[in-house]
Number of protein chains: 2
Amino acid sequence: MASLTSSLTARIGPDRVLTAREDILPYGFDGTAILRQLPACVVFPRGAADVSAVLKIAREHRAPVVTRGSGTGLSGGSVPLPGAVVLCLVKMDRILEVDTANLTLRAEAGAITQKIYDAADAVGLFYPPDPGSMKISTIGGNVAENSGGLRGLKYGVTRDYVMGLEVVLADGSICWLGSKCVKDVAGYNLRDLFIGSEGTLGVVTQVLLKLLPKPAARQTLLATYTAMDAAAETVSAIIAAKIIPCTLEFLDQKTLRCVEDFAKVGLPRDAAAILLVETDGHPSAVADEADAIEKLCRAHGASSVRRAATAAEAAQLATARRSAFSALARLRPTTILEDVTVPRSELAGMIRAVEVIALKHDLNIATFGHFGDGNLHPTILTDERDAAEMRRVELALADIVTATLERGGTITGEHGVGLAKKPFLKRQLGDASYDLLRLVKKSLDPDGFLNPGKIFD
Amino acid sequence: MASLTSSLTARIGPDRVLTAREDILPYGFDGTAILRQLPACVVFPRGAADVSAVLKIAREHRAPVVTRGSGTGLSGGSVPLPGAVVLCLVKMDRILEVDTANLTLRAEAGAITQKIYDAADAVGLFYPPDPGSMKISTIGGNVAENSGGLRGLKYGVTRDYVMGLEVVLADGSICWLGSKCVKDVAGYNLRDLFIGSEGTLGVVTQVLLKLLPKPAARQTLLATYTAMDAAAETVSAIIAAKIIPCTLEFLDQKTLRCVEDFAKVGLPRDAAAILLVETDGHPSAVADEADAIEKLCRAHGASSVRRAATAAEAAQLATARRSAFSALARLRPTTILEDVTVPRSELAGMIRAVEVIALKHDLNIATFGHFGDGNLHPTILTDERDAAEMRRVELALADIVTATLERGGTITGEHGVGLAKKPFLKRQLGDASYDLLRLVKKSLDPDGFLNPGKIFD
């Protein structure tokens, strides 16, 4: 039998298979701190037929296959196992169709999220999911992780916009799940099973997305607080007032200072916390909602509320928020980004719990996140070379998970389980649900060669 | 070994197990024409523990289990196999929690859809899915079939409001899938696998639903057409104008005459077709959208556009539309309700195809449906005692399916596969997707005793 890499090279082409150490090194890690491992080779398929061929060859050679796009993942989902074939879909990046009659867009899995947004925008349509990494992340990666973003409160996450998927299964067969029909109940919903399955059940090669009409107006507000609790209470008050803004983002003092140093957009450095709120839709609805939100912010202790005067100022504020992770990452060598999520009613308690945990373990934790979704990103600023501190980090992470689960929360709101959250999954799901997950994995990937070691062992 | 029914009676209680022929007769059919078969017994469990016990006993006795609620299904999904245990959840009908801080509602599977709507409405919240049978259908049945309704265009279907499920698996284990977190990517999405699985993978015993703020305003319009094509073109024009109304319903002449005779709300009996359009949301947005919709209707050939002057008049129009099936069912002994769905751009062609098929097979077919969703209900008015006509009905149904699949449509938009659409499923899905469905079924129900013979053989 020919070797794995020579079989792949013969089938896919020498220009599409990387094997030299210096070439494959960049494919040994993703956006997650600490985790890295070297694959056997990296393959760049042209489409589903190539992917099918790669899966068959890899299975024959008992080699694990790890699918990836741009590698911006934050749970280690695309970190390869040693000896793995990395299936990198970035060269399958075409937008195949924008259908304005049916409000759909079809693209290859390697298409960049931002380009999909732009292609919709160019015809007056709107693709809402906007993960932090959307300028470089691929839509296939977004589907694999069911990525969220800043507009999740009103518009939901990637899953809510996937109408169909082309998937290559473990046996190399290619199937299409879903359709352009906005309602379709013909058989089990397997499309949704693949969304968020982190490359462990099959390889997504094409995506059919739902688009929306572009909102006619939007307004961004920045509310400043002298106490974190007040910001959390404002969020509850907005929801209780039956207002669902598009965006409801939170930055604590550490984060907002970092972001201000980095982006220089005039954030109030002395504030204990800020809320960034955006409402969109019909101009009158936006005006009314913005007024109501401003009143609620002030009534719940905001020391100031500033409205973006122009679209440019609003975009600047959103960009500042988007830069939170990068800004924090400059402070110390290692940045560990948490992704716990709680029911919205538990936000204030969860924020306080994170503060207590930081003090208890003597760690530097900055917190920001999608407050409207209950999705927090406590970010531990540390140094992986400091073994003693890293032990405290481990303990703190476990404490954060415990505090989350006690509040009916989830260990991951939008980053996925991957390697990072694997140790905690069973505790959240309980035995019966966890066993069911394993059963599904075993059925769809009986040889266990699709992204092994992710989600569970 | 004790008999099946005596084991069930001993475990669940004699007052909760029906075995007499006259008692079980009403559980031998659902809302689907023609299909009926007699079960062995009917069991009314109190909760997940009872359901678990029933599944274990049935499996031990190799008896099939068919779960049902009110039996309003339209694809034969709850028609029992001979000798089956019917698990009837209508006595598990409590609304367990309305959480206004997190905008969620938790209910037992047997809770009536209308009661869920009312419980949300009572606190200023909104549960959008409104299947035609919502006054008597159960939420568990809605989940099993992933029911749609009249508001699907803007608000989606049952799936879009299910945050969590309590499910009893084939082995009797009880698991909870999902949470109150609006974002949760911890492990595979198995919740969505059970939604729409028609009782073939497990038994849903509790449902956690997402609620929305109640829209502040709504406006209903009735547009009258002298040609069916013009109505279809109006729908395309509304979508192309980037307006997504809440409701966009179509009734052809046969249907609207029947409905008018039945409901007497002043529908124009001479019209070739009518569109019933509802827009909801912020009052200014509703006013603007209603104006734009009226203009588009007139520009695309509506001979008149009437606006509901009061909420009562709007409700009356909606009720009239809801009565379409009942009204048509009065005309002839047997009413066969189709549920094909096409991409919206294919609507006009599909409507014409149904007309041609009716002529070809000399059948009386009335068509109404959720035009905005591309979801048609061509309704064959026939008589099951007329063998010759029933053969023509079979041929017409096959022709309708062919016309649907040629247009990239689906054999079922909201009623499910059940028994009625089983013969056509493989043609729609293709071999690879169909085999994947069977694989999932075999994994989750290895003994094949959960609603056997539904979806596939």
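Predicted model, so just to flag it, every value in this text is computed and none were measured.

### Description of the sheet that holds strand β8 (residues 162-168) of chain B
All names here are of chain B. In spatial order, the strands read β5-β6-β10-β8-β9; together these five strands make up an open sheet with antiparallel pairing. Only two strands of the sheet have a single neighbouring strand rather than two, namely β5 (95-99) and β9 (174-178). Strand after strand, the sheet turns through a mean of 10° between neighbouring axes, direction not considered. Here β8 runs beside β9; their pairing, made up of five bridges, is antiparallel. What sits directly across from E166, in β9, is W176. Of the strands in this sheet, β8, β9 and β10 (203-210) are in contact with helix α3 (residues 48-60), which crosses β8 at around 45°.

### Some thoughts on a nonpolar patch on the surface
Residues and elements named next belong to chain A. On the surface, I95, V98 and V123 cluster together into a nonpolar patch covering about 180 Å² of accessible area. Locating V123 in the fold gives a position in the loop between α4 (113-121) and β7 (125-126). For V123, a relative accessible area of 33% puts it in the partly exposed group.

### A word on the interface of chain B and chain A
Contacts between the two partners involve 77 residues from chain B, matched on the other side by 78 residues from chain A. Summed over both partners, the interface of chain B with chain A buries about 5700 Å², with 66% contributed by carbon and sulfur atoms. Taken together, the links from chain B to chain A amount to four salt bridges. Among the ionic pairs, K183 of chain B bridges to E414 of chain A, the shortest N-O distance being 2.8 Å. Applying the counting criterion to the chain B and chain A interface returns 24 residue pairs in polar contact (both at pLDDT 80 or more). Broken down by secondary-structure element, the contributors of at least two residues to the side of chain B that touches chain A are β9, α7 (191-194), α10 (283-299), α15 (425-429) and α16 (431-444) of chain B. Sorting elements by how many residues they give to the side of chain B that touches chain A places α16 of chain B first, with nine residues. Within the side of chain B that touches chain A, the residues separate by chemical class into 37 nonpolar, 27 polar and 13 charged.

### Considerations on the relation of the copies chain B and chain A
Between the two copies of the chain lies a relationship made up of a rotation around an axis and a movement along it. You can overlay chain B on chain A at an RMSD of 0.0 Å; the transform is a turn of 180° with a shift of 0.0 Å along its axis. The symmetry that links the two subunits is that of a two-fold axis. When the interface residues of chain B are mapped onto chain A, 100% of them again lie at the interface, so the same face is used by both copies.

### Structural notes on the sheet that holds strand β18 (residues 375-382) of chain A
Residues and elements named next belong to chain A. Strand order in the open sheet formed by seven strands is β15-β12-β14-β13-β17-β18-β16, with antiparallel pairing between adjacent strands. The outermost strands of the open sheet, each flanked by one partner alone, are β15 (302-307) and β16 (334-337). Each strand axis lies, on average, 20° off the axis of its neighbour in the sheet, ignoring direction. One ladder, built from six bridges, connects strand β13 (residues 247-252) with strand β14 (residues 273-281); its direction is antiparallel.

### Details of the environment of Y161 of chain B
Residue and element names in this part refer to chain B. In this structure, Y161 sits in the loop between α6 (152-155) and β8. Here the alpha-carbon distance between Y161 and P129, two residues 32 residues apart in the chain, equals 8.0 Å. When near neighbours in sequence (up to four residues on either side) are disregarded, Y161 contacts Y127, P128, P129, Y155, L208, L209, K210 and L212.

### Topic: the side chain of T113 of chain B
Residue and element names in this part refer to chain B. Its location among the elements puts T113 in helix α4 (residues 113-121). Overall, T113 belongs to the buried group, its relative accessible area being 0%. Of the polar contacts made by the side chain of T113, one reaches the side chain of S137; its length is 2.8 Å. Excluding residues that lie within four positions of it along the chain, T113 makes contacts with Y127, P129, P131, M134, S137, T138, I139 and N142.

### Topic: the pattern of salt bridges
Scanning the entire structure with this criterion turns up 62 salt bridges over all chains. For R94 of chain B, the salt bridge is made with E108 of chain B, and the minimal N-O distance between the two is 3.1 Å. Here R94 of chain B, found in the loop between β4 (85-88) and β5, pairs with E108 of chain B, found in strand β6 (residues 104-108); they are 14 residues apart in sequence, far enough to count as distant. On the accessibility criterion, R94 of chain B (49% relative accessible area) is partly exposed. Exposure remark for E108 of chain B: the relative accessible area of 6% places this residue in the buried category. Each of D291, E294, R298 and R307 of chain A takes part in one network of salt bridges that share partners.

### Looking at the side chain of D192 of chain B
Mapping D192 of chain B onto the fold places it in helix α7. Within polar-contact distance, the side chain of D192 of chain B engages the side chain of N189 of chain B at 2.6 Å. Contact partners of D192 of chain B, with chain neighbours within four places excluded, come to R159, N189 and D192 of chain A together with R159 of chain B.

### Observations concerning the packing of aromatic side chains
All names here are of chain A. Within the structure shown, the criterion is met by 14 aromatic pairs over all chains. Centroid distance Y434 to F456: 6.2 Å. Interplanar angle 85°. Geometry classified as edge-to-face. With Y434 in helix α16 (residues 431-444) and F456 in the segment after α16, this residue pair connects regions lying 22 residues apart in the sequence. Assessed through its relative accessible area of 9%, Y434 is described here as buried.

### Quick word on the domain arrangement of chain A
How big an interface is tends to be reported as the loss of accessible area on association of its parts. All names here are of chain A. Domain parsing of chain A yields domain 1 (2-88), domain 2 (95-213), domain 3 (217-325) and domain 4 (331-429). Put simply, the middle of domain 3 and the middle of domain 4, counted by C-alpha atoms, are 23 Å apart. Roughly 1600 Å² of surface becomes buried between domain 3 and domain 4 when both sides are summed, with 66% attributable to carbon and sulfur atoms. Inspection of the domain 3/domain 4 interface yields one salt bridge. Linking R352 and D229 is a salt bridge whose minimum nitrogen-to-oxygen distance equals 2.8 Å. Run the count over domain 3 and domain 4 and you get nine residue pairs in polar contact (both at pLDDT 80 or more). Here the side of domain 3 that touches domain 4 gets six residues from one element, more than from any other, and that element is helix α8 (residues 228-240). Here the residues of the side of domain 3 that touches domain 4 are counted per class, giving 12 nonpolar, one polar and five charged.

About the cut-offs
- Residues numbered from 1 in each chain as written.
- Chains lettered and ligands numbered in written order.
- Predicted model: local features only at pLDDT ≥ 70, side-chain atom pairs only at ≥ 80, totals over all residues.
- Heavy atoms only, no water.
- Pairing = 2+ DSSP bridges.
- Helix = DSSP H or I, 4+ residues; strand = E, 2+ residues; numbered from the N terminus.
- Axes fitted to C-alpha atoms, helices over the stretch in contact; angles between N-to-C directions.
- Contact = heavy atoms within 4.5 Å.
- Patch = residues over 30% accessible without salt bridge, like charges linked within 9 Å, V, L, I, M, F, W, Y side chains within 5 Å.
- Areas by Shrake-Rupley, 256 points an atom, 1.4 Å probe, with all protein chains shown as cover.
- Salt bridge = Lys/Arg side-chain N within 4 Å of Asp/Glu carboxyl O.
- Buried < 20%, exposed > 50% of the residue type's maximum accessible area, 1.4 Å probe, protein only.
- Buried area = accessible area lost by both parts, 1.4 Å probe.
- Polar contact = N/O pair within 3.5 Å; in protein donor to acceptor, adjacent residues only side chain to side chain.
- Nonpolar A, V, L, I, M, F, W, Y, C, P; charged D, E, K, R; others polar.
- Least-squares fit on C-alpha atoms with pLDDT ≥ 70 in both.
- Phe/Tyr/Trp six-rings, centres within 6.5 Å; stacked < 30°, edge-to-face > 60°.
- Domains from an automatic or database assignment.

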